[in-house]
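Observations on chain architecture
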Amino acid sequence: MSQLFTPYALGPLQVANRIAIAPMCQYSADNGNATDWHMIHLGHLALSGAGLLMTEATAVSPEGRISADDLGLWSDANQAALASVVQAIRRHAPIPLVVQLGHAGRKASSRAPWQGGACVHLADGGWQTVAPSAIAHAPGETVPIALDEMGLLQIKGAFVAAAQRVHALGIEGIELHAAHGYLLHQFLSPLSNHRTDVYGGSLENRMRFPLEVYEAVRAAVPASMAVGVRLSATDWVEGGWEIEQSVRFAQELKQLGADFIHVSSGGISPQQQIPVGPGYQVAFAERIKRDSGLPTISVGLITEAQQAEDIIANGQSDMVALARAILFDPRWPWHAAAQLGAQVQAPPQYWRSQPREFKNLFGDTTLGQR
């Protein structure tokens, strides 16, 4: 029996199989509002047969956007626009949803990747960024303002307010974005956090603000919602954040009641040296799962069905997340189920597509036509 297609629970969140669709920025929102693109993009991924669908990084405030075209959840208009997408998905797919909430910190005010992805300076229509310390992400980029006590409170409040909007939308879970060089990761890494107050210096201090944000969000939504964290397990830079610190952070999250941890890496510095290869981040997920006891999602160049099956069967992580692979093949879970001799959910409108050699792929189906 395929282990990839067995059910699982991320705390209160029940999933039909171990395949998650990772958050993928689309840079296609209008003042934070979901658009027709999100309806099409998330709608067709909701029909993929995956066990869980995560939205892209969703900004908790306008200045927390990566780009001016990022999805947001700081206003009533943002909530109403996303509600239309969520309601359409609910009418046609049973897949549970998770919203990734984030703040880009010093990596905000960027262009979309297909526009080069560079920093947009204030003189060119960008906005002033904030961060733990007044250190630019790269030479020549906007120097962020170091957050003071009031700024920290405002950002924490923005995360809480956005989390409450997620709950109001009837969405099953929240993932806090503490990876890829964005604000919460900036607090964790000694490369970007040079503070001398209680939020900087020691590991305990650098973890303090991300843990406070997690605790505030967890308290702001009911226990019936799953709340987890996306983490960069290493900066891939000497002297930066690394796996031993990630384990400590995960252990602290476990104590605060975290439901899962989603393990990625990198993003804090252009000096990173990443040895990219198939499943190159899985060992980090395995270590964090073993040493923290948290349900763990692995991600990063997981592209083949047997590869994903082996990760789950060998206990390296509890779920696998697909990103670019599922954009390239939006029916990846169907094809994986066929290859592994498993069953997968498909909408009845598509039942006729079931290949003759896989008569039980979509389970108990009944078709007729005169």
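Rules and cut-offs
- Residues numbered from 1 in each chain as written.
- Predicted model: local features only at pLDDT ≥ 70, side-chain atom pairs only at ≥ 80, totals over all residues.
- Heavy atoms only, no water.
- UniProt positions renumbered as here; feature names shortened; annotations may be inferred.
- Phe/Tyr/Trp six-rings, centres within 6.5 Å; stacked < 30°, edge-to-face > 60°.
- Helix = DSSP H or I, 4+ residues; strand = E, 2+ residues; numbered from the N terminus.
- Buried < 20%, exposed > 50% of the residue type's maximum accessible area, 1.4 Å probe, protein only.
- Pairing = 2+ DSSP bridges.
- Lys, Arg positive; Asp, Glu negative; His and termini not counted.
- Salt bridge = Lys/Arg side-chain N within 4 Å of Asp/Glu carboxyl O.
- Polar contact = N/O pair within 3.5 Å; in protein donor to acceptor, adjacent residues only side chain to side chain.
- Contact = heavy atoms within 4.5 Å.

In the nomenclature of an unreviewed UniProt entry, the protein chain corresponds to Oxidoreductase from the organism Janthinobacterium svalbardensis. What UniProt states about the protein chain under its Cofactor (unreviewed entry) heading is, verbatim, "FMN".

Moving on, we get to the packing of aromatic side chains. Enumeration according to the criterion identifies 7 aromatic pairs in this entry. With 4.8 Å between their ring centres and 40° between their planes, phenylalanine 187 and phenylalanine 209 make a pair best called tilted. Taken together, the residues phenylalanine 187 in helix H4 (residues 183-188) and phenylalanine 209 in helix H5 (residues 203-220) connect sequence positions 22 residues apart. Here phenylalanine 187 matches phenylalanine 209 in class, with each residue buried. Each ring, one from tryptophan 241 and one from phenylalanine 249, has its centre 6.2 Å from the other, and the planes form 80°; the classification is edge-to-face. Judged on exposure class, the residue tryptophan 241 and its partner phenylalanine 249 are both buried. What links up through ring pairs into an aromatic cluster is the set Phe187, Tyr199 and Phe209.

Where burial is concerned, most of strand E8 (residues 173-178) is hidden: 6 out of the 6 residues are buried. Of the two faces of E8, the one carrying Gly173, Glu175 and His177 and the one carrying Ile174, Leu176 and Ala178 are both buried. The pairing of strand E5 (residues 97-102) with E8 spans 4 bridges and is parallel. Its bridge partner lying in E8, glutamine 100 is registered against glutamate 175. As paired elements, E8 and strand E9 (residues 226-232) share 6 bridges and run parallel to each other. Paired with glutamate 175 across the strands is glycine 228, a residue of E9.

This part takes up the UniProt feature "domain: NADH:flavin oxidoreductase/NADH oxidase N-terminal" (unreviewed entry) in the protein chain. UniProt tags residues 3-340 as "domain: NADH:flavin oxidoreductase/NADH oxidase N-terminal" (unreviewed entry). In residues 3-340, helix accounts for 35% and strand for 15%; the two terminal C-alpha atoms are 9 Å from one another.

Now for the side chain of aspartate 235. For aspartate 235, the location among the structural elements is in the loop between E9 and helix H6 (243-255). Buried charge aspartate 235 goes without a salt bridge, the closest partner of opposite sign being arginine 206 at 7.5 Å. Within the structure, aspartate 235 has its side chain in polar contact with the side chain of histidine 185 (distance 2.7 Å). When sequence neighbours within four positions are dropped, the list of residues in contact with aspartate 235 reads His185, Ser189, Leu191, Gly240, Trp241, Gly266, Ile268 and Gln272.

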